[in-house]
Amino acid sequence: MSEHIIPRKVYFTIFGALMVLLAFTVGIAYVHLGELNVVAAMTIAVTKALLIILYFMHVRYSFRLSWVWVGAGFFWLIIMFALTFSDYFTRDWLPVPTGWK
Amino acid sequence: MWVFLTTEVMFFGGLFLGYAVYRGSYSHAFGMASEHLDIVLGTINTAVLLCSSLTMALAVHATQLGTRKTAVMFLLLTILLGSVFLGIKGVEYYHKYDESLIPGHDFHFENADPRHAQIFFSFYFVMTGMHALHMVIGIGLLALMAYWTYAGRFSPEHASPIEITGLYWHFVDIVWVFLFPLLYLIDRSGSM
């Protein structure tokens, strides 16, 4: 793993940021934004995850191989979501031909 | 370790995907069901888990610096916070039992189609249950690490086991970071 020692101050700063984001995500959930509520919640969640991965998990200071594996995990996850969504959420776009129902 | 965590990403990713598809199909019932989760306990638990990630990071830091006693202290603190999380989760599960929201024969739900709400609670219990199982394993690993640190097995040159346990613990934290908004917060404003 990484040999780089991160100063304590960084950990506390990141922790503070995570707590602020937590308060923000709970607060914004009560604001009526329609579809944007999901977008806001997921954007904040991804930001929190990135802070944890980059600093708490030291990926920012790690070898390139760690980057490849972290990237690969999320890359395949995105493919899986994109392909599945492109099926499920487009099924109503075209009318079902008569005689199929 | 990163290879293992990538497989874990795929495992939880599948659950998240299933949840997302059903949520798209039955968004009304999912929104209604989500409001039965305790947002106060959920928020406190998220904060507790984030704190435990901080103490974990500080434990790794202390090991890298070679301050053994501090490392043991932070590892024990992480175990304590993890246990608090599981305790609160247990209280939440008990409330769901009390309100007949456990999927199965006694499931009872009035505000929306109970069959759809039941799917939400199935996802809720499987996802938080798998997460809790990961926490239990994590606490076991932390206890072992605390003992080994106490016994003097680690040094700044040999800190990998603690660092790897830290990676695992942070990963479990990240899973919760996504579970919390998806399960607890999806429809608090009543948009759906």
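Everything below is about the structure printed above this text.
Predicted, not measured: the structure shown is a model, and the values here were computed from it.

*Asks:* How do you make sense of the interface of chain B and chain A when you look at a structure like this?
*Replies:* Residue-level contacts link 49 residues of chain B with 48 residues of chain A. Here chain B packs against chain A, burying approximately 4300 Å² in sum over the two surfaces, 81% of which is carbon and sulfur. Put simply, chain B and chain A have three residue pairs in polar contact (both at pLDDT 80 or more) between them. Looking at the side of chain B that touches chain A, the elements that each hand over two or more residues are α1 (2-25), α3 (39-65), α4 (68-98) and α6 (160-184) of chain B. Of the residues in the side of chain B that touches chain A, the class split is 31 nonpolar, 14 polar and four charged.

*Asks:* Can you walk me through the packing of aromatic side chains in this structure?
*Replies:* Any aromatic ring pair is given by two values, namely how distant the centres are and how the planes are angled relative to each other. Residue and element names in this part refer to chain A. According to the stated counting rule, one finds 26 aromatic pairs over all chains in the structure shown. Each ring, one from F85 and one from F89, has its centre 5.0 Å from the other, and the planes form 40°; the classification is tilted. What makes F85 partly exposed here is its relative accessible area of 26%. Overall, F89 belongs to the partly exposed group, its relative accessible area being 36%.

*Asks:* I'm lost on the layout of surface pockets in this one. Help?
*Replies:* To locate leftover empty space, one rolls a probe as large as a water molecule over the atoms. Its boundaries defined by the atoms lining it, the largest pocket holds a volume of some 980 Å³. In terms of lining, the largest pocket is formed by 31 residues, of which the most central are M42 and F81 of chain A together with F16, F178 and L182 of chain B. Looking at the lining of the largest pocket, the elements with two or more residues in it are α2 (36-56) and α3 (64-88) of chain A together with α1 and α6 of chain B. Partitioned by chemical class, the residues of the lining of the largest pocket number 25 nonpolar, four polar and two charged.

*Asks:* Looking at this structure, how should I read the environment of L183 of chain B?
*Replies:* All names here are of chain B. By the element assignment, L183 lies in helix α6. Residue L183 is classed as buried on the basis of its relative accessible area, which comes to 0%. Considering only alpha carbons, one finds L183 and V136, 47 residues apart in sequence, at a separation of 21 Å. Ignoring sequence-local partners within four residues, the contact set of L183 consists of Y19, S34, L37, F120, Y124 and T128.

*Asks:* Even after reading the chapter, I still don't get the nonpolar core, so can you show me in this structure?
*Replies:* Counting 88 residues, the largest nonpolar core has F56 and M57 of chain A together with Y19, F120 and F121 of chain B as the members making the most contacts within it. Here the element with the most residues in this core is α6 of chain B; it accounts for 16 residues. In contact with F121 of chain B, not counting residues within four places along its chain, are A33, H36, L37, K96, L101, P103, F107 and F109 of chain B.

*Asks:* Explanation requested: the packing of α3 of chain A against α1 of chain B in the structure shown.
*Replies:* When two helices pack together, their arrangement is captured by the angle between the axes and the distance separating the axes. Where α3 of chain A meets α1 of chain B, the axes come as close as 9 Å, and the angle between the chain directions of the two elements is 20°. Classified by the angle their axes make, α3 of chain A and α1 of chain B are roughly parallel. α1 of chain B is crossed by α3 of chain A, and the crossing has right-handed handedness. Facing S66, W69, V70, G73, W76, L77, M80, F81, T84, F85 and Y88 of chain A of α3 of chain A, the residues of α1 of chain B in contact are W2, V3, T6, V9, M10, G13, G14, F16, L17, A20 and V21 of chain B.

*Asks:* When you look at the pattern of salt bridges in this model, what are you seeing that I'm missing?
*Replies:* Pairing between side chains becomes possible if they bear opposite charge and their charged atoms approach one another. All names here are of chain B. All told, the structure shown has three salt bridges over all chains when counted by the stated rule. For E92, the salt bridge is made with K89, and the minimal N-O distance between the two is 3.4 Å. With E92 and K89 both in helix α4 and three residues apart, the pair spans about one turn of that helix. Using a relative accessible area of 2% as the deciding quantity, one classes K89 as buried.

*Asks:* I tried to follow helix α1 (residues 8-29) of chain A on my own but got confused; where do I start?
*Replies:* Residues lying three or four places apart along an α-helix face the same way, a consequence of the helix completing one turn every 3.6 residues. Taking 1.5 Å of rise per residue, the 22 residues of α1 of chain A would be expected to cover 32 Å, and the 32 Å separating its terminal C-alpha atoms lies within 8% of that figure. Among all positions of α1 of chain A, only Y11, I14, F15, L18, L21, L22, T25, V26, I28 and A29 of chain A are buried. One face of α1 of chain A carries all of its buried residues, which in axial projection span an arc of 165°. Facing away from the buried surface of α1 of chain A by more than 90 degrees, the exposed residues are K9, T13, V20 and A23 of chain A. Residues of α1 of chain A that are buried in the fold lie against α2 of chain A together with α3 and α6 of chain B.

*Asks:* Whenever I open this one, helix α5 (residues 114-150) of chain B confuses me. Can you help?
*Replies:* Residue and element names in this part refer to chain B. For α5, which comprises 37 residues, the first-to-last C-alpha distance of 52 Å matches the rise-based estimate of 54 Å (1.5 Å per residue) to within 8%. Where α5 begins, the side chain of D113 points an oxygen toward the backbone nitrogen of R115, at a separation of 3.0 Å. Phi for G152, located one or two positions after α5, is positive at around 80°.

Rules used throughout
Residues numbered from 1 in each chain as written. Chains lettered and ligands numbered in written order. Predicted model: local features only at pLDDT ≥ 70, side-chain atom pairs only at ≥ 80, totals over all residues. Heavy atoms only, no water. Contact = heavy atoms within 4.5 Å. Buried area = accessible area lost by both parts, 1.4 Å probe. Polar contact = N/O pair within 3.5 Å; in protein donor to acceptor, adjacent residues only side chain to side chain. Helix = DSSP H or I, 4+ residues; strand = E, 2+ residues; numbered from the N terminus. Nonpolar A, V, L, I, M, F, W, Y, C, P; charged D, E, K, R; others polar. Phe/Tyr/Trp six-rings, centres within 6.5 Å; stacked < 30°, edge-to-face > 60°. Buried < 20%, exposed > 50% of the residue type's maximum accessible area, 1.4 Å probe, protein only. 1 Å grid on protein atoms, 1.4 Å probe; cavity = no way out; pocket = protein on both sides within 12 Å on 5 of 7 lines; lining within 4 Å. Points joined across faces, edges and corners; volume = space filled by probe spheres on them. Core = buried A, V, L, I, M, F, W, Y, C linked by side-chain atoms within 4.5 Å. Axes fitted to C-alpha atoms, helices over the stretch in contact; angles between N-to-C directions. Parallel < 35°, antiparallel > 145°, perpendicular 65-115°, else oblique. Left-handed = near helix turned anticlockwise from the far one by under 90°. Salt bridge = Lys/Arg side-chain N within 4 Å of Asp/Glu carboxyl O. Expected span 1.5 Å × (residues − 1). Arc of directions from axis to C-beta.

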